[in-house]
Amino acid sequence: MLKIAFRPEYAHPLPKNHRFPMEKYELLPEQLLYEGTVTEDNFFSPDLLSESEILAVHKKDYWDKLKNLTLSRKEERRTGFPLSAALVERERIINQGTIDAANYALQYGVAMNIAGGTHHAFTDRGEGFCLLNDIAIAAQYLLRTAKAKKILVVDLDVHQGNGTAEIFQDNPYVFTFSMHGKSNYPMHKETSDLDIELEDKTDDKTYLDLLRKTLPRLIDEQEPDFIFFQSGVDVLATDKLGRLGMSIAGCKERDKIVFEHCYNNEIPVVVSMGGGYSKKIAHIIEAHANTYRLAQDIYF
């Protein structure tokens, strides 16, 4: 069964006209249920992430500021969200969801988190709508518990996974691969194990050809026994923050390539949804929903 992490707290209230489309976390599960892609049984409700799991990745000083709500105004602005106890609780729930999804993926081959993909969270700070790095936290959990020995992060959000790159820069057991917009946020890029920078308006064919050449080679070379897939849909041409030129069909093909390589190589995969900022919320939901449709079709 496709197991999906979700709780109502994912859709956190934000100030009016905030640019982050928080409503997608309500609409996406509704769409998947409405069309019959999933049933209520597919969803599970994660609990609060423990402090020990947080501190396995993030610096204590930073975590203390978060939980005590003492980030400076500058630090808070950098995250993009107004800091509150409810927001921190939300982050802990989402991050636990990715750990739980990792355990389900070991059982079923694939599992997903309606939110997550918080790849701009560093060891010591949050940025770009990311406070705690769910992929890093779940990867460290798998390594610590010996449930995985070599992890490949496949980050296909339009923005570089800078936080994930920084967290694992000296860790030989996690290979970070980020394929992202060259001229996009963050302006200062970190160094992933492999970065592929894309020019503005990169189209479906160019993007997909690069992915088809790169992913099989990485799997062969790195021999991962677990993959984390950051499946941001801000690669779409309609995305306000993306700058690429991909179609919804192209984005779906991207996800199919990743799933098929995971499935054919029998590598468990967890999918965190990542970003999406198209003006029409319908474009965001359709692109995200395709990821779930493909997981169901390929695995179940």
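Residues numbered from 1 in each chain as written. Predicted model: local features only at pLDDT ≥ 70, side-chain atom pairs only at ≥ 80, totals over all residues. Heavy atoms only, no water.

What is the right way to look at a positive patch on the surface in this model?
A cluster of like positive charges, contributed by Arg19, Lys240, Lys279 and Lys280, occupies part of the molecular surface. Assignment of secondary structure puts Lys279 in the loop between β8 (269-272) and α10 (281-299). A relative accessible area of 75% places Lys279 in the exposed class. (Patch = residues over 30% accessible without salt bridge, like charges linked within 9 Å, V, L, I, M, F, W, Y side chains within 5 Å. Areas by Shrake-Rupley, 256 points an atom, 1.4 Å probe, with all protein chains shown as cover. Salt bridge = Lys/Arg side-chain N within 4 Å of Asp/Glu carboxyl O. Lys, Arg positive; Asp, Glu negative; His and termini not counted. Charge placed at Lys NZ, Arg CZ, Asp CG, Glu CD. Helix = DSSP H or I, 4+ residues; strand = E, 2+ residues; numbered from the N terminus. Buried < 20%, exposed > 50% of the residue type's maximum accessible area, 1.4 Å probe, protein only.)

For this particular structure, what's the right way to read the pairing of β8?
Looking down a regular strand, the side chains alternate between one sheet face and the other. Burial along β8 is two-sided: Val269 and Val271 facing one way and Val270 and Ser272 facing the other are all buried. Bridge count between strand β7 (residues 226-230) and β8: 4 bridges; the pairing is parallel. Residue pairing in the sheet places Gln230 in a bridge with Ser272 of β8. Note that the unit made of β7, helix α9 (residues 248-264) and β8 has a crossover that is right-handed. (Pairing = 2+ DSSP bridges. Right-handed = clockwise from strand over helix to strand, strands pointing away.)

Teacher, can you tell me more about the side chain of Glu91 here?
Looking at the element boundaries, Glu91 is found in helix α5 (residues 85-108). One polar contact links Glu91 to Arg90, side chain to side chain, over a distance of 2.8 Å. Residues within four places of Glu91 in sequence aside, it is in contact with Thr118, Leu131 and Leu132. (Polar contact = N/O pair within 3.5 Å; in protein donor to acceptor, adjacent residues only side chain to side chain. Contact = heavy atoms within 4.5 Å.)

What is the right way to read the packing of aromatic side chains from this model?
Aromatic ring pairs: the centre-centre distance and the angle between the two ring planes describe each pair. The final tally for this structure, using the stated rule, is 15 aromatic pairs. On the numbers, 5.0 Å between centres and 45 degrees between planes, the contact of Phe226 with Phe228 is tilted. Both residues of the pair, Phe226 and Phe228, belong to the buried class. Among the aromatic side chains, those forming a connected cluster through ring pairs are Phe20, Tyr25, Phe81, Phe129 and Tyr277. Taking NZ or CZ as reference, Lys3 lies 5.5 Å from the ring centre of Tyr104, over its face. Lying over the aromatic face of Phe122, Arg125 brings its terminal NZ or CZ to 3.8 Å of the ring centre. (Phe/Tyr/Trp six-rings, centres within 6.5 Å; stacked < 30°, edge-to-face > 60°. Lys NZ or Arg CZ within 6 Å of the ring centre and 35° of its normal.)

Distances and angles like these do not, on their own, reveal function.
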